[in-house]
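A look at the structure
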Amino acid sequence: MLIRALIVLLVVLNLGVAAWWLTRAEPPPPSPPEIPAGVATLELVGTPDAPAARPAAVSSVAPPASAASAAAAPVTSTPAAAAASVCFRVGPFADRAVAEQSRGRFASTTGRIALRETPGSGASGYRVSLPPSATREEAVAMAQRIGAAGFDDFLVINQGEETNGIALGRYRSREGAERRQSQLVAAGFPAQIHAIGEEGPSRWWLDVAAPAGTRAAALRAGITVPVEPQDCPAALR
């Protein structure tokens, strides 16, 4: 009897809770959060009645970026390889001044030109040196000054007629020896040139590189020395 009474009580309680749930009032909407003073608020200007019109279709398809950039880039042609040169040996000239004049004449009609000297008969080359000092100590001090000035290839002479002199290099041509002498004299050292062996008159040559197809006969006009074809020397490559 007691169990039946409890069951009836539970049913009545459930019916009461269900009735309250169905008849309860809707809870009020949550209030918006309070905005701090001085902070601007967003305002809705308006909602469009119809969706925005779509942009008109493009009448032509734009090319890819790579194609557009390639089209905009200027077209450059690869330069043709330079034509091969032919080389000639002009000379010998007995005088350097005459060789220099002929060099200027060829410069306007050919490509590269090199002036070359060969020692005269009997002279195997040239050497540059300073005259002997009074003592060994003075010669060593002079050598140290030469090294401090930035020069190399020098040696204090220990024997012979030029003992305590300073050797400053040997050269096959007088032109190379003169160039060395000029550098030393400009630095304040009284360098001198000496021929090695019996010096005869030097001979001068022009090595000329001309455009392909040039013939020796075209270079002989107005020249009294021979003009012969040759392999291009290193100075003209």
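All of these numbers come straight from a predicted model, not from anything done at the bench.

Definitions and cut-offs
Residues numbered from 1 in each chain as written. Predicted model: local features only at pLDDT ≥ 70, side-chain atom pairs only at ≥ 80, totals over all residues. Heavy atoms only, no water. Core = buried A, V, L, I, M, F, W, Y, C linked by side-chain atoms within 4.5 Å. Buried < 20%, exposed > 50% of the residue type's maximum accessible area, 1.4 Å probe, protein only. Helix = DSSP H or I, 4+ residues; strand = E, 2+ residues; numbered from the N terminus. Contact = heavy atoms within 4.5 Å. Salt bridge = Lys/Arg side-chain N within 4 Å of Asp/Glu carboxyl O.

**Re the nonpolar core**
If you look at the biggest cluster of nonpolar residues, it comprises 16 residues, and the most contacted ones within it are Val-90, Phe-93, Phe-106, Leu-206 and Val-227. Those elements giving two or more residues to this core turn out to be strand 1 (85-93), helix 3 (96-107), strand 2 (113-118), strand 7 (203-211) and helix 6 (216-220). Among the elements that take part in this core, strand 7 stands out by supplying four residues, more than any other. Apart from the residues within four sequence positions on either side, Leu-206 is in contact with Phe-88, Arg-89, Val-90, Phe-93, Ala-99, Ser-102, Arg-103, Phe-106, Ile-113, Ala-114 and Leu-115. In terms of nonpolar packing, the next biggest core, distinct from the first, is built from 15 residues, Tyr-126, Val-128, Ala-143 and Leu-184 among them.

**What to know about the pattern of salt bridges**
Scanning the model with the defined rule gives five salt bridges in all. Here Arg-96 and Glu-175 are joined by a salt bridge, their closest N and O atoms 3.6 Å apart. Pair noted here: Arg-96 is in helix 3 and Glu-175 is in helix 5 (residues 174-186), with a separation of 79 residues, a long-range link. Since its relative accessible area comes to 27%, Arg-96 is described here as partly exposed.

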